[in-house]
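Given next are the chains, with one letter for each unit.
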Amino acid sequence: MAEPHVHILMGTKNGGMFLADQLASIRGQSHQDWSLWASDDGSTDGTWEALENFKAETPHHDIHLLKGPQRGVAANYYKLLKNHELDGKWVAFSDQDDVWLPHKLSRAVALVGRLGGRCVYSSRSYYVDQTGGRLGTSPMLNRPYRFGNAIVQNVLRGNTIVIPPIVTNYLRSILSTTDVAETPFHDWWMYQAITGAGFGILHDQKPGVLYRQHGENLVGAPVRHLRRRARCMADGTLVNWIDANAAAMYRIAPVLTAAAREQLLRFLDWRSQSHTKGRAVLTSLGIYRQTQAGDLALRALAQLKRF
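If you're wondering where the values come from, they're calculated on a predicted model, not measured in any experiment.

Some details on the pattern of salt bridges
Move 1: By the definition in use, this model includes seven salt bridges.
Move 2: Between D21 and R212 there is a salt bridge; the shortest N-O distance is 3.1 Å. Here the residue D21 occupies a position in helix α1 (residues 16-27), and R212 occupies one in strand β9 (residues 200-212), the gap between them amounting to 191 residues.
Move 3: Since its relative accessible area comes to 41%, D21 is described here as partly exposed.

Here it is, written out as structure tokens:
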């Protein structure tokens, strides 16, 4: 069977410091049947020039350079995914500052293909510092990758995602709802929309990405950015993200499975009772984070009437 063509979507903004490594690692993939769609969201540091140079130096691959909407990272990726040439195609998502290991695309395509092409690929990552020094490995997650988890946590890392044609077409069919939905992260929206529609998540235990940690990471590794994450939970940012995502899912409720739709409505009803004593514990609704500590943190916020 011939290797499928994979369209790589990359959002960029002022990524000049690390962009060359990411581009070189794409060029070095063992799966060579790919094209790149890069959308630059208003860089001022030479990122656009670096993309133009890469295009000139890589003549055997289609490389499309686009201007982003300048409405944030999520909107940039949504605009990329809306391109009509992606209909019925394999799609991989790339950050601008990581390094893909050579097997990333070939392994993703092979594993998803073995499962009938109806699930989404993601993987663990190696954490590295700004110079590429190894810091550790992303944790193994033992709880199910389901809609109940996606409601309150994103574990589908955008820099590892590869989606088969059926999922590409599904996501493209609901993209119009993102025009009015202020979702914080494209990969979290995808995690919810994918699991909510009944598609599976294949989380590869073999790392496929060197996930670079630096001061400009939007989220970053859990341990390295622990204080930032704790602050987001304490100051209401996390709750605002969860509410924004729930509102976005409500807009696509008709395409969710009956079980996911019921779970979403029960969660929205639970949120409407935020100042009511004796609310149900979220886990009793099938809504959970990947660790017991995460569940307890949300429970504490609820008891404090901050969630």
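A closer look at the side chain of H186
Move 1: Relative to the helices and strands, H186 resides in helix α7 (residues 186-196).
Move 2: Residues within four places of H186 in sequence aside, it is in contact with V73, A74, Y77, Y78, F93 and G158.

A word on the pairing of strand β1 (residues 6-12)
Move 1: Counting buried residues in β1 gives seven out of seven residues, a clear majority hidden from the surface.
Move 2: Covered by surrounding structure in β1 are V6, I8, M10 and T12 together with H7, L9 and G11, the residues of both alternating faces.
Move 3: Strand direction decides the pairing type here: β1 and strand β2 (residues 34-40), joined by seven bridges, are parallel. If you follow T12 over to β2, its bridge partner there is D40.
Move 4: Handedness of the crossover joining β1 and β2 through α1: right-handed.
Move 5: As paired strands, β1 and strand β4 (residues 90-94) are joined by five bridges and run parallel to one another. If you follow V6 over to β4, its bridge partner there is W90.

The rules behind each value
Residues numbered from 1 in each chain as written. Predicted model: local features only at pLDDT ≥ 70, side-chain atom pairs only at ≥ 80, totals over all residues. Heavy atoms only, no water. Salt bridge = Lys/Arg side-chain N within 4 Å of Asp/Glu carboxyl O. Helix = DSSP H or I, 4+ residues; strand = E, 2+ residues; numbered from the N terminus. Buried < 20%, exposed > 50% of the residue type's maximum accessible area, 1.4 Å probe, protein only. Contact = heavy atoms within 4.5 Å. Pairing = 2+ DSSP bridges. Right-handed = clockwise from strand over helix to strand, strands pointing away.

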